[in-house]
Amino acid sequence: MSATRSDGELLRAIAADSDRRAFEELYRRYAPWLTARLRGRCADPAVVDDVVQETFLAVWRGTARYHEDGDAAGWLWRIGSRRLVDALRVDGARGRLRQALARLRHRDEASAEERVLAGVEHGDLAGALVRLSPELRAVLQATVIDGLTTREAAVLLGIPPGTVKTRAMRARKQLREELA
């Protein structure tokens, strides 16, 4: 087939016939874009690569359902961003466990100078942002850094606009408390 198929045609072929060529074409079309977008949210390329693979596996396996009236890129982004939040949540729990174990192994107390330098290097805001849950960080990323409206953030994150507002309010409150 020499003509380029639309996203909808590719997705229908994947869903109906498990068409491998259609899947490969969709992957070539959107994987680089999705990878670039996710890398804007996560600095770990291994996590991003895993999330991209999981996103396209969901498409191939049919566990993610595409609605004909939707935008394929937006649909893939919702799947990928949700998978990223899940991955960060799991990594966050593992990271906290590793930190707790490291503290038990290394009971050396940092000097006052080291604590001050660490605060200057990393900043209170950076630490406060890291301590936010992945859901709250995702809302701040979408609304503050990406500059999306509440409605746009809701579509991007796949949650109701009211939830975006609530999470943004909770994130701001938590940041204010930690930075006070």
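Please read these numbers as outputs of a predicted model, since none were measured by experiment. For every chain, the first residue of its written sequence is number 1, and the numbers climb from 1 along that sequence. A pLDDT threshold of at least 70 governs which residues receive local features in this predicted model, and a stricter bar of 80 or more applies before side-chain atom pairs are shown or counted, although totals over entire chains, interfaces and linings include all residues. Values reported for side chains reflect all heavy atoms of the structure, with hydrogen atoms and water molecules removed beforehand.

A. Broad picture of the pattern of salt bridges. For this document, the term salt bridge refers to a Lys or Arg side-chain nitrogen within 4 Å of an Asp or Glu carboxyl oxygen. Taken as a whole and assessed by the stated rule, the structure comprises six salt bridges. Residue Glu24 is joined to Arg20 by a salt bridge in which the shortest nitrogen-to-oxygen separation is 3.3 Å. In this pair, Glu24 and Arg20 both sit in helix 2 (residues 20-39), four residues apart, roughly one turn of the helix. For Asp49, the salt bridge goes to Arg39, with nearest N and O atoms at 3.3 Å. Within this pair, whereas Asp49 is found in helix 3 (residues 45-61), its partner Arg39 is found in helix 2, the two being separated by ten residues in sequence. Type-normalised accessible area, obtained with a 1.4 Å probe on protein chains alone, sets the label of each residue: buried when under 20%, exposed when over 50%, and partly exposed for intermediate values. Judged by its relative accessible area of 35%, Asp49 falls in the partly exposed class. A run of H or I in DSSP becomes a helix once it reaches four residues, and a run of E becomes a strand once it reaches two; helices and strands are each numbered from the N terminus.

B. Just the confidence of the model for the protein chain, in detail. As a per-residue quantity, pLDDT reports the predictor's confidence and falls between 0 and 100. Summing up the model confidence of the protein chain, the mean pLDDT is 79 and the portion of residues at 70 or higher is 74%. Within the protein chain, the element-level pLDDT minimum falls on helix 5 (residues 112-122), averaging 47, and the maximum on helix 2, averaging 93.

C. Structural detail: the side chain of Gln141. Residue position: Gln141 is located in helix 7 (residues 134-145). What makes Gln141 buried here is its relative accessible area of 16%. Throughout, a residue-residue contact means that at least one pair of heavy atoms, one from each residue, lies within 4.5 Å. Residues in contact with Gln141, not counting those within four places in the same chain, are Gly40, Arg41 and Asp146.

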